[in-house]
Amino acid sequence: MHRRSFLALTAGALALPFAAPAALEYTPGLTTQRLAAGETLFLDFRASWCSTCAAQQRVLTELKQENPAYEQNITFIDVDWDIHGKGELSRMLNIPRRSTLVVLKGEQELGRLVAQTGKAEIKALMDTALGAATS
């Protein structure tokens, strides 16, 4: 094995335990199950082809890296708009479009952003979720 390859593989292996956990992929019933367990949910209604969703994802990733408490206390769920955009969850929550972020706790919606990509706005929503999760 070449030294450069060895170093790259070793560095990657060492970083794995510190990698942020990925968001859960939505399946019907997942939100009901997680809410019943008392979790605070951060739902990301997104599409792989959506540029606004990609901008939101970059901000979410940055904020999670800056504050590990988000992922330690909040359950992040990605809802694929192409699959579930017209589904029960979207209808129940009255989701108008992809690039919608929603925070839920118990039977309450604590906040939402539609097509917002600003770091301050997304951070405020994540802070709302964190406050609910840790109270």
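On a predicted model such as this, the values are computed, not experimentally measured, just so you know.

About the thresholds
- Residues numbered from 1 in each chain as written.
- Predicted model: local features only at pLDDT ≥ 70, side-chain atom pairs only at ≥ 80, totals over all residues.
- Heavy atoms only, no water.
- Helix = DSSP H or I, 4+ residues; strand = E, 2+ residues; numbered from the N terminus.
- Contact = heavy atoms within 4.5 Å.
- Areas by Shrake-Rupley, 256 points an atom, 1.4 Å probe, with all protein chains shown as cover.
- Core = buried A, V, L, I, M, F, W, Y, C linked by side-chain atoms within 4.5 Å.
- Buried < 20%, exposed > 50% of the residue type's maximum accessible area, 1.4 Å probe, protein only.
- Expected span 1.5 Å × (residues − 1).
- Arc of directions from axis to C-beta.
- Pairing = 2+ DSSP bridges.
- pLDDT = per-residue confidence, 0-100.
- Axes fitted to C-alpha atoms, helices over the stretch in contact; angles between N-to-C directions.

**Student:** What is the right way to read the overall build of the chain from this model?
**Tutor:** Secondary structure assignment for the chain yields 7 helices and 5 strands. Looking at the chain alone, contacts between residues at least 24 apart form 69% of all its contacts between residues at least 6 apart. Surface summary for the chain: the accessible area is close to 8,100 Å², and the carbon and sulfur share equals 55%.

**Student:** Would you explain the nonpolar core in this entry?
**Tutor:** For soluble globular proteins, nonpolar side chains are generally found buried alongside one another. Residues L43, F45, I77, L89, L93 and L104 are the most contacted members of the largest nonpolar core, which totals 17 residues. Of all the secondary-structure elements, those providing two or more residues to this core are α2 (30-36), β2 (40-46), β3 (74-80) and β4 (100-105). A total of 3 residues in this core trace back to one element, the largest contributor, which is β2. The contacts of L104, once residues within four sequence positions are left out, are L35, E39, T40, L41, L43, L93 and E109. Judged by nonpolar contacts, the second largest core, of 16 residues, contains V59, L101, L125 and A129.

**Student:** Looking at this structure, how should I read helix α7 (residues 119-134)?
**Tutor:** Given 3.6 residues per helical turn, the α-helix brings residues three or four places apart onto the same face. With 16 residues, α7 ought to run about 22 Å at 1.5 Å a step, and its terminal C-alpha atoms sit 22 Å apart, in line with that. Taken residue by residue, α7 has I122, L125, M126, A129, L130 and A132 as its buried positions. Axial view of α7: buried residues confined to an arc of 165 degrees, hence all on one face. For α7, exposure combined with an orientation more than 90 degrees from the buried face picks out A120 and T134. Against β2, α3 (51-66), α4 (69-73), β3, β4 and β5 (108-114) lie the buried residues of α7.

**Student:** Even after reading the chapter, I still don't get the pairing of β3, so can you show me in this structure?
**Tutor:** In summary, the side chains of a regular strand alternate between the two faces of the sheet. For β3, a buried count of 6 out of 7 residues is recorded, marking the element as mostly surrounded by other parts of the structure. The pairing of β2 with β3 spans 7 bridges and is classified as parallel. Counterpart to R46 in the pairing with β3 is D80.

**Student:** It is not clear to me how α3 should be interpreted in this structure. Could you clarify?
**Tutor:** Over its 16 residues, α3 runs 23 Å from end to end, which matches the ideal 22 Å to within 8%, given 1.5 Å per residue. Along α3, the residues that are buried comprise C53, A55, Q56, V59, L60, L63 and K64. Summarising the contacts, the buried residues of α3 are in contact with β2, α4, β3, β4 and α7.

**Student:** Honestly, the confidence of the model for the chain in this entry has me stumped. Any pointers?
**Tutor:** Keep in mind that low pLDDT regions are not for reading the predicted coordinates in detail. With 84% of its residues at a pLDDT of 70 or more, the chain shows a mean pLDDT of 89. Below a pLDDT of 50 lies the segment residues 13-20, which in the model reaches 1 contact outside its immediate sequence neighbourhood of four places, other chains included.

**Student:** Help me understand the sheet that holds strand β1 (residues 24-25), please; the structure alone is not making it clear to me.
**Tutor:** What links the strands of a sheet is backbone hydrogen bonding, and the strands pair in either a parallel or an antiparallel sense. Read from one edge of the open sheet, 5 strands run β1-β3-β2-β4-β5, paired in mixed fashion. A single partner strand is all that each edge strand has here, and the edge strands are β1 and β5. Sheet topology places β2 next to β4; 6 bridges connect them, and they run antiparallel. Along β4, the bridge assignment pairs D44 with L101. Here α3 sits on the sheet in contact with β2, β3 and β4, set at roughly 150 degrees to β2. Sheet contacts for α7: β2, β3, β4 and β5; angle to β5, the most-contacted strand, approximately 165 degrees.

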